Amino acid sequence: MYIRKILYAIVTIGLLFMGGFAFYIYNVMFAVNTNFNEDFKHIYIKTGSDYEDLTYQLKDYLLDTSTFTLLAERKNYSNNIKPGKFIIKRDMNNNQIINSLRSNNITVDVIFNNAKNLNDLAGKISNQIEADSMSFLTLFKTDYFIDKGFDERNILAMYIPNSYNFFWNTNAEKFNERMFEEFTKFWQKNNRVEKANKIGLSKIEVMILASIVYEESKEINELPRIAGVYLNRLNNNWLLQADPTVKYAAYQLDQYKNTIIRRVLNKHLRIDSKYNTYKYKGLPPGLISMPSIYSIDAVLNYENHKFFYFAADPENPGFHRFAKTFREHKTNARKYQRSLSKKGIKK
């Protein structure tokens, strides 16, 4: 009888121990351990982060960091932190959280357009992925681009403005490798290379002209006609006389930094710069901005016409009046200049 009681006691203690252990294991692995009301939280783990960095970031999102740490160590995750952008959802347990952080590196859509220069481009990209702007600016000065046929004045041509899917922890080198691939794919589509050859321009020259066309108008329907004007001037050995190139040349000078030129004046036309197409024939040596895909295709599919001039239309803002003769153009230009004067725009 006494032995039976001892056995019962041992069994009871064992069951209690096993039940407690099972409850503990359940708590560690399967109990909800999130502490936020939103549907999910994004976790950004930087390259080189360790477990301490991770738990510091997670501490406000977990109910109990100790059980998380216990399981992370058990699953050897604490020694194998991976960089990237991850997601943890409300009501996840430790096991689910660790599995998500271990193997569910999600991508981001990197979007860039309308970059004025390399500094601007580096800033736009670095705001969307882990790589900082300095890593891009440093890379711009390497032979990587020269080997691909670019130089510092036309590196911008390699970046076709669009939306691209990347892992958040992509570095600058990998990003640029992908951009060159996208540049190559872009030119292989829609007979773009053949069209560039037909009009006698290289890919980079198309991009340079497209950057001028883009700065002239944001009205997509006008772009092929404006491109046609500039190609008429190029083909007839005229000066391009493109106002956006004059503004670009001015903005390179200290006296025009942090200013906006709304009216091109004679003093601007006298600026001695290869970008001043009122002084130097042909295309400028580099892009003056990042052209849109619409403006690139406008050059490649330019409107074949006999217009050599155009001026902003004061009666139809955003659009232009086109002319075949200088006499007709002077009439259009005077109307626009008078409209600027009426608005008090003097510079």
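Residues numbered from 1 in each chain as written. Predicted model: local features only at pLDDT ≥ 70, side-chain atom pairs only at ≥ 80, totals over all residues. Heavy atoms only, no water.

Right, let's get into the overall build of the protein. In terms of regular secondary structure, the protein is built from 15 helices and 6 strands. Here the C-alpha atoms of the protein give a radius of gyration of 31 Å, more than 25% beyond the 20 Å that 2.2 N^0.38 yields for 347 residues. Seen through its C-alpha atoms, the protein measures out along the principal axes to roughly 125 × 45 × 35 Å. For the protein, with 347 residues in total, the buried portion stands at 41%. Counted over contacts in the protein with a minimum sequence separation of 6, partners at least 24 positions apart contribute 66%. (Helix = DSSP H or I, 4+ residues; strand = E, 2+ residues; numbered from the N terminus. Rg over C-alpha atoms; globule rule 2.2 N^0.38 Å. Buried < 20%, exposed > 50% of the residue type's maximum accessible area, 1.4 Å probe, protein only. Contact = heavy atoms within 4.5 Å.)

Turning our eyes to something else, we now look at the side chain of asparagine 176. Tracing the backbone shows asparagine 176 in helix α8 (residues 172-188). Contact partners of asparagine 176, with chain neighbours within four places excluded, come to Phe136, Leu139, Tyr144, Phe145, Met158 and Tyr159.

A positive phi angle, close to 60°, is found at asparagine 76, a residue other than glycine. For asparagine 190, which is not glycine, the phi dihedral falls at a positive 55°. By the secondary structure assignment, asparagine 190 is in the loop between α8 and α9 (192-198).

Attention now moves to the pairing of strand β2 (residues 84-89). When a strand is regular, its side chains alternate between the sheet's two faces. The element β2 is largely enclosed, with a buried count of 5 among its 6 residues. Across 6 bridges, the pairing between strand β1 (residues 40-45) and β2 is antiparallel. Paired with lysine 41 across the bridge in β2 is isoleucine 88. (Pairing = 2+ DSSP bridges.)

Side-chain pairs of opposite charge can arise where the charged atoms are in close proximity. Here the structure, examined in full by the defined rule, presents 12 salt bridges. For aspartate 60, the salt bridge goes to lysine 59, with nearest N and O atoms at 3.6 Å. A residue is classified by how much of its surface remains accessible, and lysine 59, at 39% relative accessible area, is partly exposed. With a shortest N-O distance of 3.8 Å, lysine 257 and aspartate 254 are connected by a salt bridge. (Salt bridge = Lys/Arg side-chain N within 4 Å of Asp/Glu carboxyl O.)

Attention now moves to the packing of aromatic side chains. We describe a pair of aromatic rings using the distance from one ring centre to the other and the angle between the two ring planes. Scanning the entire structure with this criterion turns up 21 aromatic pairs. A centroid spacing of 6.0 Å and a plane angle of 85° characterise the contact between phenylalanine 36 and tyrosine 61, whose relative ring orientation is edge-to-face. Note that phenylalanine 36 is positioned in the loop between α1 (2-29) and β1 and tyrosine 61 in the loop between α2 (51-58) and α3 (65-74), a separation of 25 residues in sequence. Judged by relative accessible area, which is 22%, tyrosine 61 ranks as partly exposed. (Phe/Tyr/Trp six-rings, centres within 6.5 Å; stacked < 30°, edge-to-face > 60°.)

Within soluble globular proteins, side chains that are nonpolar tend to cluster in buried spots. If you look at the biggest cluster of nonpolar residues, it comprises 67 residues, and the most contacted ones within it are Phe112, Phe140, Tyr159 and Phe175. Top contributing element to this core by residue count: helix α10 (residues 203-216), with 8 residues. Leaving out residues up to four positions away in the same chain, tyrosine 159 has contacts with Phe112, Leu121, Ile125, Phe140, Phe145, Phe175, Asn176, Met179 and Met290. Residues Tyr51, Phe68, Leu71 and Met92 belong to the second largest nonpolar core, which totals 18 residues. (Core = buried A, V, L, I, M, F, W, Y, C linked by side-chain atoms within 4.5 Å.)

This part covers a positive patch on the surface. A cluster of basic residues, Lys330, Arg334, Lys335, Arg338 and Lys342, forms a positive patch on the protein surface. In this fold, arginine 338 is placed in helix α15 (residues 326-342). Judged by its relative accessible area of 48%, arginine 338 is partly exposed. (Patch = residues over 30% accessible without salt bridge, like charges linked within 9 Å, V, L, I, M, F, W, Y side chains within 5 Å. Areas by Shrake-Rupley, 256 points an atom, 1.4 Å probe, with all protein chains shown as cover. Lys, Arg positive; Asp, Glu negative; His and termini not counted. Charge placed at Lys NZ, Arg CZ, Asp CG, Glu CD.)

Viewed as axis vectors pointing N to C, α10 and helix α11 (residues 223-235) meet at an angle of 130°, and their least axial separation amounts to 10 Å. Relative to α11, the element α10 lies oblique. As α10 runs across α11, the sense of the crossing is right-handed. Residue-level contacts link Leu209, Ile212, Val213 and Glu216 of α10 to Leu223, Ile226, Ala227, Tyr230, Leu231 and Leu234 of α11. The residue makeup of the contact of α10 with α11, split by class, is 9 nonpolar, no polar and 1 charged. (Axes fitted to C-alpha atoms, helices over the stretch in contact; angles between N-to-C directions. Parallel < 35°, antiparallel > 145°, perpendicular 65-115°, else oblique. Left-handed = near helix turned anticlockwise from the far one by under 90°. Nonpolar A, V, L, I, M, F, W, Y, C, P; charged D, E, K, R; others polar.)

What is shown is where atoms sit, not what they do.
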